[in-house]
Amino acid sequence: MNPIFNKLLGPTLLVASTLSLLGSSHREALAILNEPCADNTDTYAWVKPGTHDKLYLIMDFNPLHEPGQGNQGLRACNGYRYEFHIAKGTSLADQLVYRVEFTNTLKKEAAPSPTDPLGGGNELLWQLTGGTETMKVTRISVLPGDVVDEDNESGYVNPAVKVVGNTLPVLPNNHGPQTDRLIYGLGPFKGYDSGDPTSRQVGLYDQTFVDKYIQTLSNGGRIIAGQFDDPYQLDEKGIFDLVNLGSSDLGGIPGARQTVVRDIFTGFNVFSIALEIPIQDVFPNGVPHNGTLMSNSTDSLLRVWSRIMKQKTQTVTEDNIITGLKGSGDWVQVGRNALPLFDAGLVGTQRQTLYLHSSPDMDVTNFGADILYPVLVRDAEALGIYKALGVPDSSVAALKGPRVDIINAINLGRPIPIADGSTGDVLTLDVAIDSSFPNGRRMGGGTAPNRNQVNVNSVLISLIVAGNPAAGLAKGVEVNDKNYLDRFPFLAPAHQGLLQGHGGINVPTEPDIPLP
């Protein structure tokens, strides 16, 4: 039998738990193919090492954006609510919600005339219009015994609602050298008539500029939102040709694909919201047994997930010159995300939209069978992978389920009931100890600045298909195409629209914008 299957059916909690902690769900369901503003791709949640006095939350959405694509570029989405939901202990009932809402404004003006000055709503490019992008941040504390009430503005009957930030500027896009100078004021501009091409070739959009858009909140936290590098890595071309994996990702078997394995996300940007929250905002009386691991405890656990909402009725209108729509009625959920690849890698197509529109507290009823009996195993069997590797039929039968190891991994081995309201698609982290897989999910933290701690593509597919998360299947690409920060907001700056992106000359692992 091939060595990658030598440890069939022997996953430990540590390695099994990593399956859902560093992947993504880009356009995974039919319901969000035409609504990228509602497409969560990744959610992160971890605490500051050592002191555990900061909670970091990151939500990515609006994926696969080519930096130079489209006149208007990737913008903050009006008419949506982006929310981080936090529960504690064994319950999935919300205790805290952090909500972010964006507002883009553009002043109306008369039709063009020959005496118009530069700028205004008649310009063809957003940067020149004088339009603004701002955000509002609301902290919702759900009181003990409170119940859901979607007719209430907050979503609950009697919550404590506090706006902790309002009209905060959103990080603008990384368009290119001329925008850097003429719009962002990052350096002197020399026109075409100068004979000097510097203003058209040398970008000035850097980390110092990005840091200026880190906003302080009234609760002592910080936030930044805008366009950043998409950190996801995957040989997606192979995956979506019916799991057509490269030979190097299948133990070198000769019948596997021999062509180069490529990361199709290289050069793409995504929209991100990054929050830094004082831990006292979550545990006012301090973290229970902080600094001490109590493997049977649940009092220091947080259960985190993100969701996207919009109003139920959307009416086409001429009044809203930004989106052309006017929302009315109740706010309804149109997207959610927590454990990466949950919807894309485990839930069947006919239930993927149900996943996006439902809450984690019903996941056992709605999706329990998808986890217990992973479809990917019988797909791998049909492709001939097991026969090529000499795996016995009895082992394949065991891999088909029931697979309770996945459910136990999601709950970190803690005494959490496997029942609705307790077990679901959430990130579970113990804030009393440093966050490391499988405890929470952090960005970066690998052996190099552009590496993550775990390649979840390999861990997930190896666990499901081989019963061994360390089997090394589907490694794909191990590095990001930009370096992560080692401080807040941790995200790598966006690829430049002019010289980078898929139409540019960027290469993986190169953090700086190259000259042409």
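Before reading on, note that the structure itself is shown above.
Structural notes, computed from the coordinates.

1. Notes on the overall build of the protein chain
1) Next: The helix and strand inventory of the protein chain stands at 14 helices and twelve strands.
2) Next: Residue burial in the protein chain is summarised as follows: out of 516 residues, 54% are buried.
3) Next: Across the protein chain, the fraction of contacts at a sequence separation of at least 24, relative to all contacts at a separation of at least 6, is 69%.
4) Next: By element, 54% of the accessible surface of the protein chain is carried by carbon and sulfur atoms, the whole surface being about 21,500 Å².

2. Structural notes on the state of the cysteines
1) Next: Inspection of every chain in the model, using the stated rule, returns one disulfide.
2) Next: The disulfide partner of cysteine 37 is cysteine 77, and the gap between their sulfur atoms is 2.0 Å. Between cysteine 37 and cysteine 77, the disulfide has an S-S torsion of -75° and is therefore left-handed. A residue pair is termed long-range when its members are at least 10 positions apart, and cysteine 37 in the loop between helix H1 (13–16) and strand S1 (40–47) and cysteine 77 in the loop between strand S2 (54–65) and strand S3 (80–88) qualify at 40 residues. Accessibility classification places cysteine 37 together with cysteine 77 in one group, the buried group.

3. Some points on the pattern of salt bridges
1) Next: One pass over the structure, following the stated rule, counts 15 salt bridges.
2) Next: Put simply, Glu83, Arg99 and Arg307 are held in one network by salt bridges that share partners.

4. With respect to the pairing of strand S8 (residues 222–229)
1) Next: Here S8 lies mainly inside the structure; seven of its eight residues are buried.
2) Next: Two strands pair when backbone bridges link them, and strand S7 (residues 215–216) and S8 are joined in this way by two bridges, in the antiparallel orientation. Directly across from threonine 216, in S8, lies its bridge partner arginine 222.
3) Next: As consecutive antiparallel partners, S7 and S8 are separated by five residues, and within that stretch glycine 220 has a phi angle of approximately 90°, a positive value.

5. Some details on the side chain of arginine 303
1) Next: Along the chain, the position of arginine 303 falls in strand S10 (residues 301–316).
2) Next: One buried charged residue, arginine 303, forms no salt bridge at all, with the nearest opposite charge on aspartate 363 at 9.3 Å.
3) Next: A distance of 3.0 Å separates a polar atom in the side chain of arginine 303 from the backbone oxygen of glycine 89.
4) Next: Here the side chain of arginine 303 touches serine 422 through a polar contact of 2.8 Å, landing on its backbone oxygen.

6. Some remarks on the packing of aromatic side chains
1) Next: All told, the structure shown has 17 aromatic pairs when counted by the stated rule.
2) Next: When the centroid spacing of 5.1 Å and the interplanar angle of 40° are considered together, the rings of phenylalanine 61 and phenylalanine 271 count as tilted. Linking phenylalanine 61 in strand S2 with phenylalanine 271 in strand S9 (residues 269–278), this pair joins segments that are 210 residues apart in sequence.
3) Next: Classification of phenylalanine 271 as buried rests on a relative accessible area of 1%.
4) Next: These aromatic residues form a ring-pair network of at least three members: Phe61, Tyr80, Tyr82, Phe102 and Phe271.

What counts and what doesn't
Residues numbered from 1 in each chain as written. Predicted model: local features only at pLDDT ≥ 70, side-chain atom pairs only at ≥ 80, totals over all residues. Heavy atoms only, no water. Helix = DSSP H or I, 4+ residues; strand = E, 2+ residues; numbered from the N terminus. Buried < 20%, exposed > 50% of the residue type's maximum accessible area, 1.4 Å probe, protein only. Contact = heavy atoms within 4.5 Å. Areas by Shrake-Rupley, 256 points an atom, 1.4 Å probe, with all protein chains shown as cover. Disulfide = S-S within 2.5 Å. Salt bridge = Lys/Arg side-chain N within 4 Å of Asp/Glu carboxyl O. Pairing = 2+ DSSP bridges. Lys, Arg positive; Asp, Glu negative; His and termini not counted. Polar contact = N/O pair within 3.5 Å; in protein donor to acceptor, adjacent residues only side chain to side chain. Phe/Tyr/Trp six-rings, centres within 6.5 Å; stacked < 30°, edge-to-face > 60°.

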